[in-house]
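A structural walkthrough
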Amino acid sequence: MNNFLNSTSVVPEFVGSTELGDTIGMCIPAVDAMLLDKLQVSTKKYSVIGILSSRTGAGPQILAMDEAVKATNTEVLDVEWPRDTKGGAGHGVLILIGGNDPSDVRQAISVALENLPRTFGDIYNSPAGHLELQFTASAAGAVHMAFGAPIGKAYGLICGAPSGIGVVMADTAIKTAGVEVIKFASPSHGTSFSNEGALHISGDSGAVRQAVIAGREVGLKLLGQLGGVEPKNDFPAYIK
Amino acid sequence: MNNFLNSTSVVPEFVGSTELGDTIGMCIPAVDAMLLDKLQVSTKKYSVIGILSSRTGAGPQILAMDEAVKATNTEVLDVEWPRDTKGGAGHGVLILIGGNDPSDVRQAISVALENLPRTFGDIYNSPAGHLELQFTASAAGAVHMAFGAPIGKAYGLICGAPSGIGVVMADTAIKTAGVEVIKFASPSHGTSFSNEGALHISGDSGAVRQAVIAGREVGLKLLGQLGGVEPKNDFPAYIK
Amino acid sequence: MNNFLNSTSVVPEFVGSTELGDTIGMCIPAVDAMLLDKLQVSTKKYSVIGILSSRTGAGPQILAMDEAVKATNTEVLDVEWPRDTKGGAGHGVLILIGGNDPSDVRQAISVALENLPRTFGDIYNSPAGHLELQFTASAAGAVHMAFGAPIGKAYGLICGAPSGIGVVMADTAIKTAGVEVIKFASPSHGTSFSNEGALHISGDSGAVRQAVIAGREVGLKLLGQLGGVEPKNDFPAYIK
């Protein structure tokens, strides 16, 4: 599945796109001051704005962008949460980043797009719902802004839809290993009314990983029971 | 349609599930204290947590749970409202209940699942939208928490989607019989941005029932006009 | 596509409906006082209530209603924003209008329904998202209430989904002509969690039109890149 379109486009802002989550990456080399004034960004100091925008899957794009900002001289300015997934139970995402040099920002967006097949690895779908697991040994600016995770510490996401499955996944994950609970998000609290139960954890890298894997195991069984079919991921699981 | 899966599951939390609204029932016999701390429950005094979670249809699950808590030694702790319906115009639901004994809580969840074919009886769908009618002669804890209905009094729900149909249904219902209006919910007020107009009424049992039936009649005609086909229910109407 | 159903209906409130956005128009000649008390209307002084309600497309209905209130003795009382589009990335809408004479209100609703093929002219869809452009040389009550546009001045809407496309469209539009920015709406700010980036502008008629056209041009290219197919409108573009 080689679905990246690269910049032979006549639109200079275009960086790339992929069918994965219907994700598009763009860069505005010199943002208009009137627009910048209206954008909900954490700082107005950058005139180069990078954009990663998708219909499906906030987590994969946020984790992919987390690696991208580590590798480039850029900063995450805004993470927004549409209630989307094209009729599914979750979100899409809008991520804005800033930088001083258009080539840095374009590179960050490209790196994020290239990371998506990995960060989509632990997304499991069935006709009845989905599961999402994410893990990083060291959270950076995207994960921090999106989920409130402490920078430099391991971070894990354990998420199930419909949301009740996420409650049981969370309970199992916390009981499995000594981790710190950042928050538990649910349809009416901490989501954009998505049908997800999502536990956000931090702490020791081994413990966070172990908790995520335990949550995944029980989630796969529950979602399989609900839908009557085994939930499937489109790419290899990366959390091992 | 015998789609209840029962607990030969290897996951001990699983109670049952059904294709109706993609609804799953679960029970955590001893919830982790760190998770309980983060859950948005009305009281933290229960360590046994029951979960009813669906993609489609808040009303049917809430009314079904209302009967279940009447019949068991359990209490409704939380009702949350995802904007879901798998691309439709309404909600899904997350209901948490508490109890002191896992067998009580599992029984309450089972009773609620068994009630669903009845409470889905007055859900009418067409390609253009849906109608939902609910009625109980005596509201209990689920209907009280979800809709603000006075406990022990008759309660009725008159709901149409798209939301404008619900406005006319509400007007007709109120004019039909002397009832008390609890609230009128609409896309930007009192829903999770669903495309529903929903009247919640209370009062004398006969009057509430009559108002619900009158709202249903006008709603069926309007939704039929919009979609060009007669809206259909999947189970027999229970409000007569 | 002659899909307007007219009032041979047995429901006296029915005015008309169309497949365009699954839009239904209705009129309550004498609204119940208890219902009026609960409706979120800007004034309670009208007893005749007109309703325009849709599953898809707030903008087309709002612009269509804007022309209708100019042409009739009616007033816009409420604009609400479900997160709908039947699984798409945008909204639906609920519009309530008021008047003193049922024939005025019915006429306004009819005029709005008749305007829809025009105001749907600059809606472009692809499997990956959509674009919406709207323009009026002189904003009236519907556009004012819905978007905060100054009455009597030109108004333009430049909207793209997924939302990042709307950011680049907005930047291009503002740079093209000297316009006043009313606001920029995005998934977590100023929408009902839709996956849209939407710029609202006001000012000189020629400048607003030029900005809208420039935003459309870049949006069509970006959405075409994302989806791999050219976005299509179902009716002729009206902004020229």
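Counting of residues starts from 1 at the beginning of each chain's written sequence and follows it residue by residue. Naming scheme: in the order in which they are written, chains are lettered from A and ligands are numbered from 1. Given that the model is predicted, a residue must reach a pLDDT of at least 70 before its local features are reported, and side-chain atom pairs must reach 80 or more before they are shown or counted; all residues, however, enter totals for whole chains, interfaces and linings. With hydrogens and water set aside, each side-chain value is computed from the structure's full complement of heavy atoms.

Digging into the interface of chain C and chain B
Contacts are assigned to residue pairs that have any heavy atoms within 4.5 Å of one another. The interface of chain C with chain B comprises 36 residues on the first partner and 36 residues on the second. By convention, the term buried area covers the 1.4 Å-probe accessible surface removed from two parts as they join, with the contributions of both added. Summed over both sides, the interface between chain C and chain B buries roughly 2900 Å², with carbon and sulfur atoms accounting for 65% of that surface. Of all residues in chain C, Leu-35, Lys-38 and Arg-55 of chain C give up the largest surface area on contact with chain B, accounting jointly for 18% of the area buried on that side. The rule for a salt bridge is simple: a side-chain nitrogen of Lys or Arg has to be within 4 Å of a carboxyl oxygen of Asp or Glu. For the pair chain C and chain B, the number of links is one salt bridge. Note that Arg-83 of chain B is salt-bridged to Asp-84 of chain C, the shortest N-O span being 3.8 Å. Pairing of N or O atoms within 3.5 Å defines a polar contact, subject to two protein rules: one partner must be a possible hydrogen donor and the other a possible acceptor, and residues neighboring in sequence count only if both atoms are side-chain atoms. Linking chain C with chain B are 14 residue pairs in polar contact (both at pLDDT 80 or more), by the criterion used here. Going along the chain from the N terminus, every DSSP run of H or I of four or more residues is numbered as a helix, and every run of E of two or more is numbered as a strand. Among the secondary structure elements, those contributing two or more residues to the side of chain C that touches chain B are strand E1 (14-18), strand E2 (23-28), helix H1 (33-38) and strand E3 (48-54) of chain C. By the convention adopted, Pro, Cys, Tyr, Trp, Phe, Met, Ile, Leu, Val and Ala count as nonpolar, Lys, Arg, Asp and Glu as charged, and the other residues, Gly among them, as polar. Here the side of chain C that touches chain B is built from residues that sort into 17 nonpolar, 10 polar and nine charged.

Remarks on the packing of aromatic side chains
Two aromatic rings, drawn from Phe, Tyr or Trp (for Trp, its six-membered ring), form a pair once their centres lie within 6.5 Å of each other, and the interplanar angle then sorts them: stacked below 30 degrees, edge-to-face above 60, tilted otherwise. A full pass over the atoms with the stated rule returns nine aromatic pairs over all chains. With centroids separated by 5.6 Å and ring planes inclined at 75 degrees, the aromatic side chains of Phe-193 of chain A and Phe-193 of chain B adopt a geometry described as edge-to-face. Highlighted residues: Phe-193 of chain A in the loop between strand E9 (180-185) and strand E10 (197-203) and Phe-193 of chain B in the loop between strand E9 (180-185) and strand E10 (197-203), drawn from two different chains. For the pair Phe-193 of chain A and Phe-193 of chain B, a shared accessibility class is recorded, and that class is buried. Taken together, a centroid distance of 5.9 Å and an interplanar angle of 50 degrees make the contact between Trp-81 of chain C and Phe-147 of chain C tilted. With Trp-81 of chain C in the loop between strand E4 (75-80) and strand E5 (93-99) and Phe-147 of chain C in helix H4 (residues 141-147), this residue pair connects regions lying 66 residues apart in the sequence. By the burial criterion, Trp-81 of chain C is buried, and Phe-147 of chain C matches it. A network of ring pairs unites the aromatic residues Trp-81, Phe-147 and Tyr-155 of chain A as a single cluster. One cation-aromatic arrangement involves Arg-118 of chain A over Tyr-238 of chain A; the distance from NZ or CZ to the ring centre is 4.9 Å. Whether a residue is buried, partly exposed or exposed follows from its accessible area with a 1.4 Å probe, protein chains only, as a fraction of its type maximum: under 20%, in between, or over 50%, in that order. Charge-over-ring placement is defined geometrically: NZ (Lys) or CZ (Arg) within 6 Å of the ring centre, and within 35 degrees of the ring normal.

What to know about the relation of the copies chain C and chain B
Mapping chain C onto chain B calls for a screw motion: a turn of 120 degrees about the axis and a shift of 0.0 Å along it, with 0.0 Å RMSD after fitting. Both copies are brought into coincidence by an operation consistent with a three-fold rotation axis. Taking C-alpha positions as the reference, the residue of chain C nearest the rotation axis is Gly-87 of chain C, at 2.4 Å. Comparing contact sets, just 8% of the residues at the interface of chain C also lie at the interface in chain B, consistent with a heterologous contact between different surfaces. A least-squares fit on C-alpha atoms brings the copies together, and the residues used are those whose pLDDT is at least 70 in both copies.

Brief notes about the sheet that holds strand E8 (residues 154-161) of chain A
To summarise the sheet geometry, strands pair through backbone hydrogen bonds and adopt either a parallel or an antiparallel arrangement. All names here are of chain A. A sheet is described by the order of its strands in space; here five strands give the open sequence E6-E7-E8-E10-E9, paired in antiparallel fashion. Of all strands in the sheet, those with a lone pairing partner are strand E6 (123-126) and E9, marking the two edges. Direction aside, neighbouring strands of the sheet carry axes that sit 10 degrees apart on average. One ladder, built from four bridges, connects E6 with strand E7 (residues 129-136); its direction is antiparallel. Bridging across to E7, Tyr-124 finds its partner in Leu-131. Axes here mean lines fitted to C-alpha atoms, for a helix over just the part in contact, with angles spanning 0 to 180 degrees between N-to-C directions. Against the sheet, helix H2 (residues 58-71) touches E6 and E7, its axis set at about 15 degrees to E7. The pairing criterion for strands is at least two bridges between them, as found by DSSP.

Observations regarding the domain arrangement of chain A
Residues and elements named next belong to chain A. As used throughout, domain bounds are those supplied by an automatic or database domain assignment. Taken domain by domain, chain A consists of domain 1 (14-120) and domain 2 (124-227). Between domain 1 and domain 2, the C-alpha centre-to-centre distance is 22 Å. With 20 residues of domain 1 in contact, the opposing surface of domain 2 contributes 21 residues. Counting the surface domain 1 buries against domain 2, the share from its top three residues, Leu-63, Asp-66 and Ala-89, is 32%. The interface formed by domain 1 and domain 2 includes zero salt bridges. Along the contact surface separating domain 1 from domain 2 lie 10 residue pairs in polar contact (both at pLDDT 80 or more). When residues of the side of domain 1 that touches domain 2 are traced back to their parent elements, those giving at least two are H2 and strand E4 (75-80).

Quick notes on the relation of the copies chain A and chain C
Expressed as a screw transformation, the operator carrying chain A onto chain C has a rotation angle of 120 degrees and an axial translation of 0.0 Å, and the superposed copies differ by an RMSD of 0.0 Å. Each copy contacts the other with its own distinct surface, as only 8% of the interface residues of chain A are interface residues in chain C too.

Considering the UniProt feature "domain: BMC circularly permuted" (unreviewed entry) in chain A
UniProt positions are given in the numbering used here, feature names are shortened, and annotations may be inferred rather than shown by experiment. Cross-referencing UniProt, the feature "domain: BMC circularly permuted" (unreviewed entry) maps to residues 14-127 and 128-226 of chain A in the present numbering. In the segment residues 14-127 of chain A, helix accounts for 33% and strand for 31%; the C-alpha atoms at its two ends are 33 Å apart.

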